[in-house]
Amino acid sequence: MDADAPLRPPGGAGLRVRPYQAGDHAVVVALVDGDWLPGQHPAGRQFPPPGLERLRQPEILVACAAGDQVAGVVCMGVRPADGAGLVVQLHGWGDFDVIAVLLAAARSRLGGRMLYAFTGPATATGIPGLPIEHRPTTARALTAAGFTPVSAQRYFLRDLTTPPGPPPPLPGYPPAQVTAITGPPGWLLKLTGPDGHHAATAILRAPTQQTAGMAVLWQLTVRHAHRRQGLATHLLTHCLHHAALHGAEHLTADTPDGDIPATRLLTSTGFLPLDTLTVYHRPP
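Residues numbered from 1 in each chain as written. Predicted model: local features only at pLDDT ≥ 70, side-chain atom pairs only at ≥ 80, totals over all residues. Heavy atoms only, no water.

Visitor: Teacher, can you tell me more about the layout of surface pockets here?
Guide: In this approach, a probe sized like a water molecule rolls over the atoms, and the result shows the empty space that is left. Computed from the structure, the largest pocket encloses a volume of approximately 770 Å³. If you go around the largest pocket, you meet 27 residues; those closest to its centre are L220, A232, P261, A262 and L265. Residue assignment for the lining of the largest pocket shows that the elements contributing at least two residues are strand 11 (215–222), helix 4 (231–245), strand 12 (250–256) and helix 5 (260–268). Top element by residues in the lining of the largest pocket is strand 11. It accounts for 7 residues. The class makeup of the residues in the lining of the largest pocket is 14 nonpolar, 8 polar and 5 charged. Here the second largest pocket defines a volume of roughly 500 Å³. Taken together, 28 residues line the second largest pocket, and the ones lying closest to its centre are Q46, Q89, P121, A122 and T123. Of all the elements in the fold, those that place two or more residues in the lining of the second largest pocket are helix 1 (25–34) and strand 4 (85–91). Sorting elements by how many residues they give to the lining of the second largest pocket places strand 4 first, with 3 residues. (1 Å grid on protein atoms, 1.4 Å probe; cavity = no way out; pocket = protein on both sides within 12 Å on 5 of 7 lines; lining within 4 Å. Points joined across faces, edges and corners; volume = space filled by probe spheres on them. Helix = DSSP H or I, 4+ residues; strand = E, 2+ residues; numbered from the N terminus. Nonpolar A, V, L, I, M, F, W, Y, C, P; charged D, E, K, R; others polar.)

Structure, rendered in structure tokens:
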């Protein structure tokens, strides 16, 4: 990972940048997997990164040390909707010099436009951002190049290999209603109050090959009149049980960085905070 980088090739002086070639694939996949975050696909299943082909001027560059040894890779392009330049992926064995060289090359190629970095999904479930705790050197290189955070999500993972049991009945509330949904496939879990009115809702994305077999807690909301009665914990426990019943070995969730109530809810039900996924920008 970025913090240790035991396999780091030599960087600094002598680096050159060139276009990615088919023969670089194995080394580039190893570079990407060297920054692996729990909940990601192995890079060999999704490189080039999904969605790169939908950008204008999509490009992959590699930084090479002596002997044309690939030391880093950057994937980039221009977003058609607003013309912003996107640095989708950036990897360099945690070597500051390699990452800085690739950032400079990306800025030169993308021109004097608004730039965003780490817009590609950091996880198999589609959450974008740089995992700054796993990759502090890359975060430092971005700051040195004039990038600043524009959004951040706290990323959580809950192990389901020991399937949790169903939640105990909630006094005064009937069992949650579960309805299958599509696009993406999953379930809507709904609780009604003693008066028959809607009290709380959760949306659970089903585990699929595209999500590396993980389920995703997409949304969980409790109406104001029903808060502080244990509904959120009850419904989340129901989600854990339902996901495990349908083959998920993990459940992921994300919250805005600094959302203390959501963090407390997730950690109280066994979720582990893994990192803060941060998207960066740099004005022209």
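Visitor: What should I look at first to understand unusual backbone geometry in this one?
Guide: The bulk of non-glycine residues show a negative phi, and the bulk of peptide bonds are trans. That bond from G183 to P184 is cis: its omega, -5°, falls within 30 degrees of zero. One can find P184 in the loop between strand 8 (177–181) and strand 9 (186–192). Positive phi is not limited to glycine here, since D68 has a value of about 60°. With respect to the element layout, D68 can be found in the loop between strand 2 (56–65) and strand 3 (69–78). On the basis of relative accessible area, D68 is assigned to the partly exposed category, the value being 34%. (Buried < 20%, exposed > 50% of the residue type's maximum accessible area, 1.4 Å probe, protein only.)

Visitor: Can you walk me through the pairing of strand 9 in this structure?
Guide: Looking down a regular strand, the side chains alternate between one sheet face and the other. With 5 of 7 residues buried, strand 9 is to be regarded as a mostly interior element. Looking at chain direction, strand 8 and strand 9 are connected through 5 bridges and run antiparallel. Across the sheet, residue V178 finds its bridge partner in strand 9, namely L189. Both strand 9 and strand 10 (residues 198–205) contribute to a ladder of 7 bridges, which runs antiparallel. Across the sheet, L191 pairs through a bridge with A200, a residue of strand 10. (Pairing = 2+ DSSP bridges.)

Visitor: Explain the nonpolar core here, please?
Guide: Side chains of a nonpolar character, in soluble globular proteins, are inclined to be buried together. With 29 residues, the main nonpolar core has L204, L231, L251 and F271 as its most contacted residues. Looking at this core, the element that brings in the most residues is helix 4, giving 7 residues. Residues A71, L90, I99 and F147 belong to the second largest nonpolar core, which totals 27 residues. (Core = buried A, V, L, I, M, F, W, Y, C linked by side-chain atoms within 4.5 Å.)

Visitor: Got a minute to help me understand the packing of aromatic side chains in this structure?
Guide: Aromatic rings in a pair are described by how distant their centres are and how their planes are angled relative to each other. By the definition in use, this model includes 1 aromatic pair. Centre to centre, the rings of Y20 and F47 are 5.6 Å apart; their planes meet at 70°, and the pair counts as edge-to-face. Residue Y20 is located in the loop between strand 1 (16–19) and helix 1, and its partner F47 is located in the loop between helix 1 and strand 2; the two are separated by 27 residues in the primary sequence. Take Y20: its relative accessible area is 22%, and that puts it in the partly exposed class. Assessed through its relative accessible area of 10%, F47 is described here as buried. Positioned above the aromatic ring of Y116 is the side chain of R79, whose terminal nitrogen or guanidinium carbon lies 5.2 Å from the ring centre. (Phe/Tyr/Trp six-rings, centres within 6.5 Å; stacked < 30°, edge-to-face > 60°. Lys NZ or Arg CZ within 6 Å of the ring centre and 35° of its normal.)

Visitor: Help me understand helix 1, please; the structure alone is not making it clear to me.
Guide: An α-helical turn contains 3.6 residues, so any two residues separated by three or four positions project in the same direction. Looking only at helix 1, the buried set comprises V28, V29, L31 and V32. Along the long axis of helix 1, the arc covered by the buried residues comes to 155°, so they all point the same way. Check the buried side of helix 1 and you find it contacts strand 2, strand 3 and strand 4. (Arc of directions from axis to C-beta. Contact = heavy atoms within 4.5 Å.)

Visitor: Teacher, can you tell me more about the packing of helix 2 (residues 96–110) against helix 3 (residues 136–144) here?
Guide: As a packed pair, helix 2 and helix 3 sit with axes 9 Å apart at the nearest point and diverge in direction by 45°. Judged by the inter-axis angle, helix 2 sits oblique to helix 3. The crossing of helix 2 and helix 3 is right-handed. Residues F96, I99 and L103 of helix 2 form the contact with helix 3, whose own contacting residues are T137, T138, R140, A141, L142 and A144. (Axes fitted to C-alpha atoms, helices over the stretch in contact; angles between N-to-C directions. Parallel < 35°, antiparallel > 145°, perpendicular 65-115°, else oblique. Left-handed = near helix turned anticlockwise from the far one by under 90°.)

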